[in-house]
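This is what each chain is made of:
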Amino acid sequence: MNADAYENPLTGRYASEEMSRLFSARHKFATWRRLWLWLAEAERELGLAIPESALDALRAHLVPTDDELAAADRHERLTKHDVMAQIHALGEVAPEARPFLHLGATSAFVGDNADLLVLRDALGLIEGRLVRVVARLASFAREHAALACVGYTHFQAAQPTTVGKRACLWIQDLVLDVHEVSRRAAELRFLGCKGATGTQASFVALFEGDEGRADLLDRRVAEKAGFSRRLLVSGQTYTRKQDAFVLSALSGLAASASKFAHDLRLLQHMKEVEEPFGAKQVGSSAMPYKRNPMKCERMNALSRWILTTAENGSWTHATQWLERTLDDSANRRLALAESFLAADALLV
């Protein structure tokens, strides 16, 4: 903890270590290195004169060390370019691979493809957590299936229902979210090797005008990354509509979680249910005996953050000029990571 600098509460206070690790600098740049290895392997398989020693050097340095990350930071201060900084840092520890690093590629090859790999894994983590929450709620619903309670419409007393039936309302929303999160992960399309404007021109040149091998390169790198679907048309980047779809799925989860938390807060006010309260927990500095629904309030707060941040995906897609602009970069670093960290925090 650095007490003299701002630290993001999502990583320091709310989200899990697993989700934080997915969006960490080390994982990001390790993913870049895997992509460079897959690219070089596929280029060699398709006839480019890349020695096996170069591939061995890449395989030996797939996870950047602290010293290598520090070296990349120094290079970035000089070059003002994160991809070139990482290329320099990797080339210094893997000199046999230096001439073949990033061969024919543009920055989006590592940046965008790595984002897709992280998004896929992060969606998988969210899906697993969602399934566990549904299972816990289902157990609760079965246990209280016959326990009668007052039903409320317009928050006024209405026909009776049961505690288990009410829990099924929450479960149904979350099951729909499971399906949506799973669908978005399955439908992600890999960017692959599309070049600076999506024409594969640099790769076609490497293969001396052989467009077939350039397309096969695209296919092979996607296969190595574990993607069955590829974008067949792109600019330099993958369409930001994919980000919008992913953030929409997280927004749906946030809405379900917030509805659940609001319901519990209303029921706690009427003393029908109550959050767990620790033996030494303090509800208020002025009134320590109070039983404030802090977990539900946190869920509502984090959900609100996700719901508003999710709009960023559509705005970013709407303002991408022609083959690409760079005004998406800074906000995507924030919107994607923080939405997943907040969604993860809701579920843990």
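For the structure itself, look to the data block above.
These figures come from a predicted structure and were not determined experimentally. Each chain has its residues counted from 1, following the order in which its sequence is written. Restriction of local features to residues with pLDDT of at least 70 applies here, the model being predicted, together with a cutoff of 80 or more for giving and counting side-chain atom pairs; totals for whole chains, interfaces and linings are based on all residues. Where side-chain values are given, they derive from all heavy atoms of the structure, hydrogens and water being excluded.

Engineer: So what exactly am I meant to see when it comes to the overall build of the chain here?
Structural biologist: Counting its secondary structure elements, the chain contains 14 helices and two strands. With the principal axes as the frame, the chain shows a C-alpha extent of 75 × 45 × 35 Å. With a 1.4 Å probe rolled over the protein chains alone, any residue whose accessible area is under 20% of its type maximum counts as buried; one over 50% counts as exposed, and the rest are partly exposed. Counting only residues that meet the buried cut, the chain has 46% of its 348 residues in that class. For this analysis, residues touch if any pair of their heavy atoms sits within 4.5 Å. In the chain, the share of contacts with a sequence separation of at least 24, taken over all contacts with a separation of at least 6, comes to 73%. In short, Shrake-Rupley with a 1.4 Å probe defines the accessible areas, and a residue's cover is counted only from the protein chains shown. Of the accessible surface of the chain, which amounts to about 18,100 Å², a share of 56% is contributed by carbon and sulfur atoms. Charge-centre separation for the chain: the mean point of 43 positive side chains lies 5 Å from the mean point of 44 negative side chains. Helix and strand assignments follow DSSP, with helices taken as H or I runs no shorter than four residues and strands as E runs no shorter than two, numbered in order from the N terminus. When charges are tallied, Lys and Arg are placed among the positive residues and Asp and Glu among the negative ones, while His and the ends of the chain are skipped. Positions of charges follow a simple convention, taking NZ of Lys, CZ of Arg, CG of Asp or CD of Glu.

Engineer: Quick question: what am I supposed to make of the pairing of strand S1 (residues 148-153) here?
Structural biologist: Taken residue by residue, a regular strand's side chains alternate between the two faces of the sheet. Bridge count between S1 and strand S2 (residues 156-162): five bridges; the pairing is antiparallel. Paired with Tyr 152 across the two strands is Ala 157, which belongs to S2. A pair of strands is labelled paired if DSSP reports no fewer than 2 bridges between them.

Engineer: Would you explain helix H4 (residues 52-59) in this entry?
Structural biologist: Three- or four-residue spacings in an α-helix give side chains the same orientation, since the helix completes a turn every 3.6 residues. Taken together, the buried positions of H4 are occupied by Ala 54, Leu 55, Ala 57 and Leu 58. Buried residues in H4, looked at end-on, bunch into an arc of 155°, giving them a common side. Its buried side turned inward, H4 meets helix H3 (25-45) and helix H6 (82-93). The reported arc concerns the directions from the helix axis to the C-beta atoms and nothing else.

Engineer: Hey, could you run me through the nonpolar core in this one?
Structural biologist: For soluble globular proteins, the rule of thumb is that nonpolar side chains tend to be buried together. In terms of nonpolar packing, the biggest core is built from 89 residues, with Trp 36, Phe 109, Ile 126, Leu 217 and Phe 340 touching the most fellow members. Here this core gets 16 residues from one element, more than from any other, and that element is helix H7 (residues 107-143). The residues touching Leu 217, leaving out its near neighbours within four places in the chain, are Leu 39, Ala 42, Glu 43, Leu 46, Cys 193, Phe 203 and Phe 207. Only buried residues count toward a nonpolar core, which is a set of Ala, Val, Leu, Ile, Met, Phe, Trp, Tyr and Cys residues joined through side-chain atoms within 4.5 Å.

Engineer: What is the right way to read unusual backbone geometry from this model?
Structural biologist: Glycine aside, the phi torsion of most residues is negative, and most peptide linkages are trans. Its identity is not glycine, yet Phe 155 carries a phi of approximately 60°, on the positive side. Relative to the helices and strands, Phe 155 is located in the loop between S1 and S2. Look at Phe 155 and you get partly exposed, because its relative accessible area is 40%. Its identity is not glycine, yet Lys 271 carries a phi of approximately 65°, on the positive side.

Engineer: What's the story with the side chain of Asp 218 in this structure? I'm lost.
Structural biologist: Its location among the elements puts Asp 218 in helix H10 (residues 211-224). According to the relative accessible area criterion, Asp 218 is buried, its value standing at 2%. For Asp 218, the residues in contact, after removing those within four places along its chain, are Leu 191, Gly 192, Cys 193, Lys 194, Gln 200 and Arg 230.

Engineer: I tried to follow the pattern of salt bridges on my own but got confused; where do I start?
Structural biologist: A side chain of one charge can pair with a side chain of the opposite charge when the charged atoms of the two come close. Criterion for a salt bridge: a side-chain nitrogen of Lys or Arg within 4 Å of a carboxyl oxygen of Asp or Glu. Taken as a whole and assessed by the stated rule, the structure comprises 30 salt bridges. A salt bridge links Glu 180 to Arg 183, with the shortest nitrogen-to-oxygen separation between them at 3.0 Å. Residue Glu 180 and its partner Arg 183 are located together in helix H8 (residues 163-187), separated by three residues, close to a single helical turn. Here Glu 187 makes a salt bridge to Arg 184, at a shortest N to O gap of 3.9 Å.

Engineer: It is not clear to me how H3 should be interpreted in this structure. Could you clarify?
Structural biologist: The end-to-end C-alpha distance of H3, which contains 21 residues, comes to 30 Å, matching closely the 30 Å that a straight helix rising 1.5 Å per residue would cover. With its phi angle positive at about 110°, Gly 47 sits one or two positions after the end of H3. Expected span, for any helix, means 1.5 Å times one less than how many residues it has.

Engineer: Would you mind showing me how to read the packing of aromatic side chains here?
Structural biologist: To describe a pair of aromatic rings, one takes the distance between the centres and the angle between the planes. Between 30 and 60 degrees the pair is tilted, below 30 it is stacked and above 60 it is edge-to-face, where a pair is any two Phe, Tyr or Trp rings, Trp via its six-membered ring, whose centres lie within 6.5 Å. On inspection of all chains with the given rule, the structure shows six aromatic pairs. Here Trp 170 and Phe 260 contribute two aromatic rings whose centre-to-centre distance is 4.9 Å and whose plane-to-plane angle is 90°, an arrangement assigned as edge-to-face. Of this pair, Trp 170 sits in helix H8 while Phe 260 sits in helix H11 (residues 241-269), placing them 90 residues apart in sequence. Residue classification places Phe 260 among the buried residues on the basis of a relative accessible area of 18%. Clustering of aromatic rings is evident, with ring pairs tying together Phe 29, Trp 32 and Trp 36. The aromatic ring of Phe 245 is capped on one face by Arg 184, whose charged end is 4.2 Å from the ring centroid. Ring-over charges, as used throughout, are those where CZ of Arg or NZ of Lys falls within 6 Å of the ring centre and within 35 degrees of the ring normal.

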